Amino acid sequence: MQNQPVIPTDNRPPWQRLLLRWLISSLAIFAATWLVPGIEFSGPGWQIGVVALVFGLLNALLRPLIYLLTCPLVLLTLGLFGLVINAVMLGITSALADQLGIQFHVYGFWPAFFGGLVISLVATALSFLAGDTNVQVVRVK
């Protein structure tokens, strides 16, 4: 009998996982505003949480549709078109934040592109550090 890998289970309740992801998204968006020229935020700190909420809702509702419509491009570029989709999501988030009266602005495609990249990298790293992402190493003999 071969050893089967054990996948750790997350014992947190769903509301704690959701809150953790929201906090991680807020920190990742803050990192993007700090690191990427062309992305600006001014206002009280709680508003960055609203921006993260808008960004998360857009990613949950609109992103699958955009991936479905651009599936040939995503496949043709071996997934790199996903970075462009991240930039589009960040641009839409900027427009919606402006409609909500939040001073979060993304000025152009390239700041949105690099901002989406920073948000993805920071969110992945923080999720890993918080134990929200399961990492499994399988050794094959």
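Only a predicted model underlies this, so the values are computations on that prediction, with no experimental measurement involved.

### Digging into the overall build of the protein chain
Helix and strand content of the protein chain: 6 helices and 2 strands. Mapped from its N terminus to its C terminus, the protein chain presents α and β elements in the order α-β-α-α-α-α-β-α. If one aligns the C-alpha atoms of the protein chain with their principal axes, the spans along those axes are about 60 × 35 × 25 Å. Summarising the internal contacts of the protein chain: among those between residues at least 6 apart in sequence, 70% fall at separations of at least 24. When the accessible surface of the protein chain is totalled, it reaches about 9,400 Å², and 71% of it is carbon and sulfur. If you average the places of the 6 positive and of the 4 negative side-chain charges in the protein chain, the two averages end up 21 Å apart.

### Notes on the layout of surface pockets
Empty space within the largest pocket amounts to approximately 400 Å³. What lines the largest pocket is a set of 19 residues, and nearest its centre among them are Ser25, Ala52, Phe55, Gly56 and Asn59. Elements with a contribution of two residues or more to the lining of the largest pocket: helix H1 (14–35), helix H2 (46–61) and helix H6 (109–130). Tallying contributions element by element places H2 first for the lining of the largest pocket, with 7 residues. Residue classes in the lining of the largest pocket are distributed as 11 nonpolar, 6 polar and 2 charged.

### Describing the confidence of the model for the protein chain
With 91% of its residues at a pLDDT of 70 or more, the protein chain has an overall mean of 88. At the level of individual helices and strands, the protein chain shows its lowest average pLDDT in H1, which scores 91, and its highest in strand S2 (residues 103–106), which scores 94.

### So, unusual backbone geometry
With a phi close to 55 degrees, Leu78 is a non-glycine residue in the positive phi region. Assignment of secondary structure puts Leu78 in the loop between helix H4 (71–76) and helix H5 (81–99). By relative accessible area, which is 78% here, Leu78 ends up exposed.

### Some details on the packing of H2 against H5
Taken N-terminus to C-terminus, the directions of H2 and H5 make an angle of 130 degrees; their axes are 9 Å apart at the nearest point. Comparing their axes, H5 and H2 come out oblique. For H2 against H5, the interelement crossing comes out right-handed. Contacts from Val51, Val54, Phe55, Leu58 and Asn59 of H2 reach H5 at Met89, Leu90, Ile92, Thr93, Leu96 and Ala97. When its residues are assigned to classes, the contact of H2 with H5 shows 9 nonpolar, 2 polar and no charged.

### Points about the pairing of S2
Here S2 shows one buried face, formed by Phe104 and Val106, and one open face, formed by Gln103 and His105. Relative to S2, strand S1 (residues 39–42) runs antiparallel, the two sharing 4 bridges. Bridge pairing links Phe41 to Phe104 in S2.

### Description of the environment of Ile102
Along the polypeptide, Ile102 turns up in the loop between H5 and S2. On the accessibility criterion, Ile102 (4% relative accessible area) is buried. Through-space distance from the C-alpha of Ile102 to that of Ser42 is 8.0 Å; in sequence the pair is 60 residues apart. Sequence-distant contacts of Ile102, defined by excluding residues within four places in its chain, comprise Phe41, Gln47, Val50, Val51 and Ala97.

Basis of the calculations
Residues numbered from 1 in each chain as written. Predicted model: local features only at pLDDT ≥ 70, side-chain atom pairs only at ≥ 80, totals over all residues. Heavy atoms only, no water. Helix = DSSP H or I, 4+ residues; strand = E, 2+ residues; numbered from the N terminus. Contact = heavy atoms within 4.5 Å. Areas by Shrake-Rupley, 256 points an atom, 1.4 Å probe, with all protein chains shown as cover. Lys, Arg positive; Asp, Glu negative; His and termini not counted. Charge placed at Lys NZ, Arg CZ, Asp CG, Glu CD. 1 Å grid on protein atoms, 1.4 Å probe; cavity = no way out; pocket = protein on both sides within 12 Å on 5 of 7 lines; lining within 4 Å. Points joined across faces, edges and corners; volume = space filled by probe spheres on them. Nonpolar A, V, L, I, M, F, W, Y, C, P; charged D, E, K, R; others polar. pLDDT = per-residue confidence, 0-100. Buried < 20%, exposed > 50% of the residue type's maximum accessible area, 1.4 Å probe, protein only. Axes fitted to C-alpha atoms, helices over the stretch in contact; angles between N-to-C directions. Parallel < 35°, antiparallel > 145°, perpendicular 65-115°, else oblique. Left-handed = near helix turned anticlockwise from the far one by under 90°. Pairing = 2+ DSSP bridges.

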